[in-house]
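Given next are the chains, with one letter for each unit.
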Amino acid sequence: MSGWLYTDYLEIDQQFVDVYTEEVDRQHARAWQSYIPEANTRALLERIWGILERRSPKPPFIYGPYGTGKTFTAFLIKHLLEDALDEIEPFFAKYSAIKDLWPRWRALRERGPYVVAYRSAATDASSPFRLVYIVQERIAQALKEKGYSATTTETIRSAVLRKLTNSESTFIWPRAFEKHRHRFKEFTKPEEVIARLTETGTEGETLGLLDRVRRTLEDEDIVVLRSAQELKSWIKEVIVQNGLQGLLFLWDEFTDFFKIPGAPVDLVQELAHAAEDTHFYFGLITHLAPDTILKVDEASRRKFLDRFHRHHLELAEVTAYRLMSAVLQVKTERKAEWERKHETLWNEVGRASSLVIMLQGETKEDLRNVVPIHPCTALTLANIARLFSSSQRTLFRFLREERPDRFCFPRFLREYPRDGWRWLTADHLWDYFYADDDPEYPEEIRRFIRHYRANVEKITDEVECRVYKLVLLFDLLHRRLPVSEESQFSFKPTRSRVQRVFEGVLDGERAVAALNSLCKQHLLQRYRVGQNEVYVLPLFAVDDRKIREIKDRIKQTNPFRSLTKTNGEFGRLIADSFQVNPPLGLRHQMCTVAADEFLGRRERVLPPESLKPYQVGIVMVLPFGEGEVATARETARRLSSETPRVIYAVAGKEFAESRWERWVEQRALAEHARERGESEGERSYREMAKILVEEWVRDVVSHGFQMYFRGEVDFVATKEGYEEYLEEAVEKLYPLRPERIFPRETLYTGSAGKQAAEIGLGLVQNPQAPFGEAVDKLRGDGLWDNKDWPQEHPLAGMRAELRNMLRNREEINLLKAWEMLMGVPYGLIPSRIGIMLFGFLLREYTEGYYYWDGNRCEGLNASTLASLIDNVVKQKRGAEDYAIRRMLPAEEEACRLLREIFDLSFEEARYLRTALVRLREHFRLLGYPLWSLSYAG
């Protein structure tokens with residue numbers, strides 16, 4: 001230990017905003033003034049000024065990686081356009097990069113007021129209705145906050161509320177609520193829905209509910225969706241009524257919008273185009289470049305992007321340095337002492353600063369202010385934050401947050417200096433940004449992470465471990481940031497550069513010794529460039545010819561279409577991702593299939609006759625390439641009209657040739673390692689192949705499906721959305737299903753059989769849970785102890801079906817009756833409640849009826865009927881002949897006469913069929929033919 005720690009002198013500024021959000025801006029009115037503008041900011045402000053001056057009236061499309069300050073920039077623009085002039089003038093005057101822009105911005109603001117509406121995240125804007133609603137509500141909120149009015153004409157919310165509350169309309173909301181109650185499970189009364197929609201709040205709080213109401217209205221033939229033209233007209237009226245000079249909409253975190261299959265991209269394009277003839281500017285903000293996130297043909301991409309001014313937002317190195325210094329505060333009582341230590345520390349790295357980073361003037365002073373962050377570390381951190389951070393790992397989070405599972409700057413201040421290590425060196429950045437895998441990173445970065453995790457435990461020397469992490473970090477950055485020979489700096493991990501990076505904390509010879517040791521352990525590989533040496537991640541030595549042979553064999557024996565079958569490796573993972581709990585889970589039979597096989601086999605992929613009578617079929621179509629999606633959707637649309645009990649779900653995310661080649665390569669490497677007896681390598685490559693498939697499965701779930709059912713199309717994303725859609729489909733097919741009355745899950749799970757039938761037939765007094773609740777429900781509905789049932793009750797319809805069967809066929813075939821009640825629209829399931837209800841429906845046939853089993857007749861009672869029901873549900877041999885028959889008056893009279901004439905007992909002649917059998921035996925014993933009866937007189 002050094003006897004002192006950095007926390008003795010320094011502390012983190014608790015007011016430092018690591019992640020700028022709408023909430024931060026709302027709570028801290030002047031927080032935006034901590035923004036540090038530089039050349040990139042100047043270019044953006046010049047562009048915004050030109051847009052609002054109508055010199056080039058196209059909205060902005062701002063993009064940049066995580067951590068580059070996109071949200072902060074959005075609120076900078078908002079404040080520069082909305083705040084008082086005397087509040088924003090000092091901001092322009094403070095920074096030389098934008099100082100001369102003030103006269104132009106002042107003239108712009110003096111012509112009239114501007115309003116900026118801000119929104120973050122767009123995954124819920126999955127349809128035109130949703131997008132229009134969000135835009136309207138956010139604009140209305142922004143206007144209200146600034147004291148303006150948004151009540152020119154109806155919004156979608158107010159239009160829906162008017163339809164729900166209009167007493168003179170033919171549409172009656174309480175009736176529709178009861179009819180579609182499955183959509184509003186959290187509400188007990190229709191008035192509660194109206195109250196929730198009337199409450200003030202953000203649009204996100206009511207969007208889901210409003211969408212459900214919209215679907216209900218459309219089911220009742222009432223259309224509430226507004227067109228883009230109506231929205232644009234509403235915006236124009238808002239601008240005119242409030243005398244606005246301009247209305248700017250900035251939609252942040254818009255990247256995921258483009259991942260939604262069937263996303264209303266055309267509507268976004270129309271809103272952007274509105275800037276041509278109105279002072280409304282619909283701006284977008286994403287963390288990916290617009291060229292890469294638009295999955296459309298080149299002509300459509302060009303047309304879309306032509307509607308915007310694109311601006312790439314980058315975090316300049318100077319800005320990064322100033323942010324680093326801004327987070328550090330010197331404790332007032334130790335300031336003089338820190339100044340002396342600061343000077344000593346800086347002198348240790350002065351040479352490294354000059355030689356490695358080529359510091360000059362202002363930048364050098366900026367780096368003096370970030371001590372104890374090593375100058376090389378500051379430069380590295382700035383570049384990582386500028387290009388490679390993820391949503392969970394940014395420059396701001398590194399500087400500010402406390403994480404027990406990850407190294408960060410506050411931890412460094414608490415634990416260092418230690419063992420002579422006085423500087424935050426670049427190896428620490430690996431511990432924060434890359435020590436753990438992150439699915440948001442590109443595959444190349446993840447490969448480096450996997451190599452590190454597989455080998456780091458082999459390194460026992462602390463210095464070697466630090467050098468190892470530094471080389472991995474620089475090798476990765478060099479591959480991702482190629483620098484020409486003329487450049488001042490490169491991240492190429494040369495021997496001399498490694499020595500410079502550790503200057504001030506590690507002797508140069510010790511660093512070289514660590515490099516040599518790592519090479520001997522085959523953890524690094526080196527090659528010579530002139531008088532210098534370069535150290536890189538080692539390559540796995542393989543037989544390329546052998547790998548090609550194995551890859552060819554894998555493609556032949558495990559084609560994509562085989563892997564995506566329901567029982568295939570990929571298909572099982574997809575099916576597992578959409579497991580649904582009973583009772584809904586019992587109602588669907590899923591089949592996964594590759595798109596090319598689906599296009600060939602069509603409806604034969606899942607024949608309707610293969611479904612249980614109570615089930616909906618789900619065909620999940622998994623495209624290999626993007627070109628298969630459109631054809632698969634068209635085929636699914638046509639088939640859905642022909643197979644009314646089958647849903648066709650076409651995934652919006654393809655597996656892709658690139659992913660397939662990576663998967664095949666990892667499997668080939670695993671096979672190659674197995675043949676060479678390298679079990680650890682085999683496990684590692686198999687795990688990497690598995691990770692590739694699991695990533696695809698997550699993409700499939702998040703990107704969603706186009707769902708086709710009965711000729712209608714809808715979009716579904718996430719498992720929750722899938723369950724909701726499945727429930728809607730089941731509702732259409734089985735509106736009288738038992739779970740509408742008996743929702744408890746345990747009624748559909750566990751063993752079911754004769755006991756359930758006995759309870760339904762009334763043989764069990766005070767049945768235990770869960771049957772007791774079902775009996776109480778039937779009693780409360782007026783069915784259990786009554787013969788006259790409410791006609792609107794679902795069980796009344798089932799009972800009528802059984803009575804009609806007896807009347808028309810003079811018998812109830814139990815198997816046919818069971819199959820009928822399992823089918824549309826009743827949907828009884830072979831479960832505890834299904835068997836109990838079947839017994840309950842047959843209770844009225846336990847007296848005055850007999851049963852026929854194909855060979856003999858027997859009297860029917862509740863106990864016997866329970867056994868018959870159990871055999872029928874379990875489809876035991878002979879159960880297809882079980883029938884309940886009624887004794888007709890003529891049959892009763894015939895039995896009486898046969899008993900009287902031939903002295904047969906009551907049991908021998910209880911039923912006509914058994915009486916005739918006994919009569920034949922009687923005459924055979926007498927020895928007379930039956931025709932001799934005609935001479936008996």
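Residues numbered from 1 in each chain as written. Predicted model: local features only at pLDDT ≥ 70, side-chain atom pairs only at ≥ 80, totals over all residues. Heavy atoms only, no water.

On a plain count of helices and strands, the protein chain comes out with 41 helices and 18 strands. With the C-alpha coordinates aligned to their principal axes, the bounding extent of the protein chain is approximately 140 × 80 × 55 Å. Long-range pairs, those at least 24 residues apart, make up 73% of the contacts in the protein chain with a sequence separation of at least 6. When the accessible area of the protein chain is evaluated, it comes to approximately 42,600 Å², of which 47% is carbon and sulfur surface. Looking at the protein chain, you have 137 positive and 144 negative side-chain charges, and the mean spots of the two groups are 2 Å apart. (Helix = DSSP H or I, 4+ residues; strand = E, 2+ residues; numbered from the N terminus. Contact = heavy atoms within 4.5 Å. Areas by Shrake-Rupley, 256 points an atom, 1.4 Å probe, with all protein chains shown as cover. Lys, Arg positive; Asp, Glu negative; His and termini not counted. Charge placed at Lys NZ, Arg CZ, Asp CG, Glu CD.)

Next up on the list: the sheet that holds strand E3 (residues 114-120). An order of E3-E4-E5-E2-E6 is seen for the five strands of this open sheet, with the pairing classed as parallel. Only two strands of the sheet have a single partner each, and these edge strands are E3 and strand E6 (309-312). Neighbour-to-neighbour, the strand axes of the sheet open up by a mean angle of 15°, direction not taken into account. Relative to E6, helix H2 (residues 39-52) is tilted by about 165°, and along the sheet it contacts strand E2 (60-63), E3, strand E5 (280-286) and E6. (Pairing = 2+ DSSP bridges. Axes fitted to C-alpha atoms, helices over the stretch in contact; angles between N-to-C directions.)

A few words on the pairing of strand E4 (residues 246-252). The element E4 is extensively covered by neighbouring structure, given that seven of its seven residues are classed as buried. Neither face of E4 is exposed, since Gly246, Leu248, Leu250 and Asp252 on one face and Leu247, Phe249 and Trp251 on the opposite face are all buried. As judged from the seven bridges shared by E3 and E4, these two strands associate in the parallel manner. Along E4, the bridge assignment pairs serine 120 with aspartate 252. Sheet topology places E4 next to E5; five bridges connect them, and they run parallel. By the bridge assignment for E5, leucine 250 is matched with glycine 283. What joins E4 to E5 is helix H12 (residues 265-273), and the crossover it makes is right-handed. (Buried < 20%, exposed > 50% of the residue type's maximum accessible area, 1.4 Å probe, protein only. Right-handed = clockwise from strand over helix to strand, strands pointing away.)

Now for the nonpolar core. Nonpolar side chains in soluble globular proteins tend to be buried together. Formed by 119 residues in total, the largest nonpolar core has its most connected members in Trp105, Met324, Phe409, Tyr434 and Val467. No other element matches helix H23 (residues 462-480), which puts 11 residues into this core. Shared between two domains, this core takes at least three residues from each, and those domains are domain 1 (13-147 + 244-314) and domain 2 (329-536). (Core = buried A, V, L, I, M, F, W, Y, C linked by side-chain atoms within 4.5 Å. Domains from an automatic or database assignment.)

Under the definition given, this model contains 59 aromatic pairs. Each ring, one from phenylalanine 92 and one from tryptophan 105, has its centre 6.2 Å from the other, and the planes form 40°; the classification is tilted. In this pair, phenylalanine 92 is assigned in helix H4 (residues 85-94) and tryptophan 105 in helix H5 (residues 102-110), connecting sequence segments 13 residues apart. With respect to class, phenylalanine 92 is no different from tryptophan 105; both count as buried. On the basis of an interplanar angle of 65° and a centroid distance of 5.2 Å, the ring pair of phenylalanine 398 and tyrosine 432 is categorised as edge-to-face. Here the residue phenylalanine 398 occupies a position in helix H19 (residues 395-400), and tyrosine 432 occupies one in helix H21 (residues 427-433), the gap between them amounting to 34 residues. Looking at tyrosine 432, the relative accessible area reads 0%, which means it is buried. The side chain of arginine 104 reaches across the aromatic face of tryptophan 49, ending 5.1 Å from its centre. Against the face of tryptophan 784 rests arginine 843, its NZ or CZ located 4.2 Å from the ring centre. (Phe/Tyr/Trp six-rings, centres within 6.5 Å; stacked < 30°, edge-to-face > 60°. Lys NZ or Arg CZ within 6 Å of the ring centre and 35° of its normal.)

If you check H23, its first and last C-alpha atoms are 27 Å apart, about what 19 residues at 1.5 Å a residue would give, namely 27 Å. Among the 19 residues in H23, 16 count as buried, and that is most of the element. (Expected span 1.5 Å × (residues − 1).)

Right, let's talk about the domain arrangement of the protein chain for a bit. Assigned domains within the protein chain: domain 1 (13-147 + 244-314), domain 2 (329-536), domain 3 (546-731), domain 4 (738-886) and domain 5 (892-935). Centre-to-centre, using C-alpha coordinates, domain 1 lies 35 Å away from domain 2.

Another aspect to go through is the side chain of glutamine 706. Within the fold, glutamine 706 resides in strand E13 (residues 705-709). Not counting residues within four places of it along the chain, the set of residues in contact with glutamine 706 comprises Pro261, Gly262, Arg633, Tyr648, Ala649, Val650, Val713, Asp714 and Phe715.

Okay, the pattern of salt bridges next. A full pass over the atoms with the stated rule returns 68 salt bridges. We note a salt bridge from arginine 214 to aspartate 211, for which the minimum N-O separation is 2.6 Å. With arginine 214 and aspartate 211 both in helix H10 (residues 203-219) and three residues apart, the pair spans about one turn of that helix. With relative accessibility at 13%, the residue arginine 214 sits in the buried group. (Salt bridge = Lys/Arg side-chain N within 4 Å of Asp/Glu carboxyl O.)

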